[in-house]
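One letter stands for each residue in the lines below.
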Amino acid sequence: MSNIKPEDFFKNIISHSKEYGFIFQNSEIYDGLSAVYDYGQMGVELKKNIRDYWWKSMVQMHENIVGIDSAIFMHPTTWKASGHVDAFNDPLIDNKESKKRYRADVLIEEYISKIEDKIKKEIEKAAARFENFDRTLFCSTNGRVKEYQEKIDAINESFKSALNNNDLEEIKKIIINLEIVCPISGSRNWTDVRQFNLMFSTSMGSVSDEANTIYLRPETAQGIFVNYLNVQKTGRMKIPFGIVQTGKAFRNEIVARQFIFRMREFEQMEMQFFIKPGTEIEWYEYWKKIRLSWHLSLGLGNEKYRFHDHLKLAHYANAACDIEFEFPFGFKELEGIHSRTDFDLKQHEQFSNKKLQYFDSELNQSYVPFVIETSVGLDRLFLSVLSSAFKIEKLEEDETRTVLSLPAALAPYKAAIFPLLKKDGLPELSESIMNALKLDFNLAYDEKDTIGKRYRRQDAIGTPFCITVDHQSIEDKTVTIRDRDTMKQTRIKIDEIKTFLNQNVGIQNLLKNL
RNA sequence: GCGAAAGUAGCUCAAUUGGUAGAGCUCCAGCCUUCCAAGCUGGAGGUUGCGGGUUCGAGACCCGUCUUUCGCUCCA
């Protein structure tokens, strides 16, 4: 493994993911859709197991945390309240020399205000010269001022109509015609104007011209905020309490890259934890600790995680950090932990005109709770698990072995069952063992090819144990069980397989160490 | 978004200055076989990412386009 270059190592992971049914490029037969990927038959199991582990560690292990599953569609006002609509609906243009990005409308408005400054100077000069200065008369008669004003009016007219018609080409033409330069590079080498929409939109209603624009949610959090009072009341929740949910979110990223690390459609696993105002720093520190230890429990290597504190805070936060993971392409954000204050609930109070307050019987008063958010990307978590589990081992001589050392509780198959030979009653015994165990475990069965190939196939998809049925099995009701990581075999009684697997692949092993 | 590289069978790759698209592995059907990618026989799998151009002739040369990877940029 040491002689593989890092970029080749990542490429190996990507092709391994495809070859063994973990990740496929979306719409591959049509050349793919950029930055969208599908999970295959192995990937879906691994992803589901990661999600289950997260869910159980949050909901099952905490009495004061419950889950919901809110819709991807939400009332459009939701996104006005959250600030997503206003912050990301601007025409953008890039300067090719300086690589700087500007709001096209701001560039034009700045240009107009420069002309207005010139008018102001003309007026000031004239006012200093004449005693009975008539400003209105001066503006309507002075040639230079009139010229400036006409230019402003002309720009405004075409600019407004371009904005109203959403005519991005026209906006670019205005910038070119006015010879607006980049303040940094001084260059007029501009890209086309693009509308940057973070959110994907669609329309609801069968008749298109009376349809409402509906957004695909860019974060799952808002589904929790708008339901927070429903859950609090119907679940008789007492502060502090948390609501979690997992689900798809959609962001129209300009640059989406690095395999499944940054996709346009991705899955979030979020918790919003509702607390008494003034206790947010305490809870923020608490959840930082809890979430880091959750990641460490996967056993991918403690040195692969670190905190990264946000210096620049979002408009809603008063403290924020990321848990970063060392991916094959470097340390990158895996989970975000934010102290979101009462921003979101207050915004929803204002926009909905509904009281979203909690009555605290200890204080005998109502307040809008503060919120601590933990938000982890399931796809990123998947990639962290997959990329640190993937190993190309050197065995004797030139032999190599490709193995996924997945945490056993997360592996798609918990065990594989092989008859050593496809005769002498071995397949029949294998199947009866399989039928008894499949009530509890997801299992693979394979009787094709030599036993060595079958072991290697299971190594490649991360199956922790291989159970082989041989002639001795028929005589004394024992089987060999082979460990994926050590390749060592031990012989155990058929009756003991279930207990053995429970002890070694059960999710309880992860949960009890939290 | 800018720059660079790449795209040939499910996977990894070959194909002489432009001259009949191939190999290994995988897969499928058998044979053989008592524990780590064994052997034998047969078989399937391709409009060389897509579209155009140059040429008697293009996997190769030119243009466009799509996708991926890397660097920069961006990222509430």
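Here the structure is a predicted model, which means the values were calculated and not measured. (Residues numbered from 1 in each chain as written. Chains lettered and ligands numbered in written order. Predicted model: local features only at pLDDT ≥ 70, side-chain atom pairs only at ≥ 80, totals over all residues. Heavy atoms only, no water.)

**A word on the overall build of chain A**
Then, in step 1: Tallying secondary structure elements over chain A gives 18 helices and 23 strands in all.
Then, in step 2: For a compact globule of 514 residues, the expected C-alpha radius of gyration is about 24 Å, and chain A comes in at 31 Å, more than 25% above that figure.
Then, in step 3: Each principal axis of the C-alpha atoms in chain A carries an extent, and together these give about 120 × 65 × 50 Å.
Then, in step 4: Relative to its 514 residues, chain A shows a buried fraction of 48%.
Then, in step 5: Across chain A, every contact between residues at least 6 apart in sequence was considered, and the portion connecting residues at least 24 apart equals 65%. (Helix = DSSP H or I, 4+ residues; strand = E, 2+ residues; numbered from the N terminus. Rg over C-alpha atoms; globule rule 2.2 N^0.38 Å. Buried < 20%, exposed > 50% of the residue type's maximum accessible area, 1.4 Å probe, protein only. Contact = heavy atoms within 4.5 Å.)

**Overview of the sheet that holds strand β22 (residues 478-483)**
Then, in step 1: The strand order across the open sheet formed by five strands is β20-β19-β21-β22-β23, and the pairing between neighbours is mixed. The sheet terminates laterally at β20 (443-445) and β23 (489-493), the two strands that pair on one side only. On average, adjacent strands in this sheet sit at an angle of 25° to one another, irrespective of strand direction.
Then, in step 2: Of the strand pairs in this sheet, strand β21 (residues 465-469) and β22 are connected by four bridges, and their pairing is antiparallel. Counted as the bridge partner of F465 is D483 from β22.
Then, in step 3: Packed onto the sheet, helix α15 (residues 451-461) meets β19 (415-419), β20, β21, β22 and β23 and runs at close to 170° relative to β19.
Then, in step 4: Against the sheet, helix α17 (residues 497-505) touches β19, β21, β22 and β23, its axis set at about 165° to β21. (Pairing = 2+ DSSP bridges. Axes fitted to C-alpha atoms, helices over the stretch in contact; angles between N-to-C directions.)

**Observations concerning the nonpolar core**
Nonpolar side chains in soluble globular proteins generally cluster together in the buried interior.
Then, in step 1: Counting residues in each nonpolar core, the largest one holds 59 residues, and the members touching the most others are F22, L46 and F382.
Then, in step 2: Take this core: its biggest share by element is seven residues, from helix α13 (residues 378-389).
Then, in step 3: The contacts of F382, once residues within four sequence positions are left out, are F22, I23, Y39, G43, L46, K47, I50 and I260.
Then, in step 4: Ranked by size, the runner-up nonpolar core spans 25 residues in total, among them F138, I152, C182 and W190. (Core = buried A, V, L, I, M, F, W, Y, C linked by side-chain atoms within 4.5 Å.)

**Overview of the environment of E431**
Then, in step 1: Mapped onto the secondary structure, E431 falls in helix α14 (residues 426-437).
Then, in step 2: A relative accessible area of 42% means that E431 is categorised as partly exposed.
Then, in step 3: Taking C-alpha positions, E431 is 52 Å from S203, a pair spaced 228 residues apart along the chain.

**Quick look at the confidence of the model for chain A**
Then, in step 1: Chain-level statistics for chain A give a pLDDT mean of 87 and a share of 92% at 70 or above.
Then, in step 2: Considering each helix and strand of chain A separately, the mean pLDDT is smallest for strand β6 (residues 194-197), with a value of 67, and largest for strand β3 (residues 65-67), with 97.
Then, in step 3: Here the complex is predicted with pTM 0.84, and the ipTM for its interfaces comes to 0.83. (pLDDT = per-residue confidence, 0-100.)

**Side note on the side chain of D446**
Then, in step 1: On the secondary structure map, D446 appears in the loop between β20 and α15.
Then, in step 2: Note on D446: relative accessible area 13%, which makes it buried.
Then, in step 3: A polar side-chain atom of D446 sits 3.0 Å from the main-chain amide nitrogen of K448.
Then, in step 4: Leave out the neighbours within four places in its chain, and D446 touches I417, F418, P419, R454 and R457. (Polar contact = N/O pair within 3.5 Å; in protein donor to acceptor, adjacent residues only side chain to side chain.)

**Observations regarding the pattern of salt bridges**
Then, in step 1: One pass over the structure, following the stated rule, counts 23 salt bridges.
Then, in step 2: Residue R340 pairs with E219 through a salt bridge whose shortest N-O separation is 3.4 Å. Highlighted residues: R340 in strand β13 (residues 330-341) and E219 in the loop between β8 (212-215) and α9 (221-225), separated in sequence by 121 residues. A single burial state applies to R340 and to E219, both of which are buried.
Then, in step 3: The network of salt bridges with common partners includes E219, R340, D344 and E373. (Salt bridge = Lys/Arg side-chain N within 4 Å of Asp/Glu carboxyl O.)

**A closer look at unusual backbone geometry**
Then, in step 1: Cis geometry marks the peptide bond from I239 to P240; its omega dihedral reads 5°.
Then, in step 2: Looking at where P240 falls in the secondary structure, it is placed in the loop between α10 (228-234) and β9 (241-250).
Then, in step 3: Even without being a glycine, A35 presents a positive backbone phi close to 60°.
Then, in step 4: Within the secondary structure, A35 sits in the loop between β1 (23-25) and β2 (37-39).
Then, in step 5: The phi dihedral of K477 is positive, around 55°, even though this residue is not glycine.

**Section: the sheet that holds β9**
Then, in step 1: Sheet architecture is open: seven strands sit in the order β3-β9-β10-β16-β13-β12-β11, paired in mixed fashion. Both outer strands of the open sheet, β3 and β11 (305-309), are each paired with one neighbouring strand and no more. Between one strand and the next, the sheet's axes are offset by a mean angle of 25°, whatever the strand orientation.
Then, in step 2: Inspection of the sheet shows strand β10 (residues 265-275) paired to strand β16 (residues 370-377) by eight bridges, in the antiparallel sense. From the neighbouring strand, Q272 faces β16, where its bridge partner is E373.
Then, in step 3: Against the sheet, helix α11 (residues 280-296) makes contact with β3, β10, β11, β12 (319-327), β13 and β16, and its axis sits at roughly 150° relative to β13, the strand it touches most.

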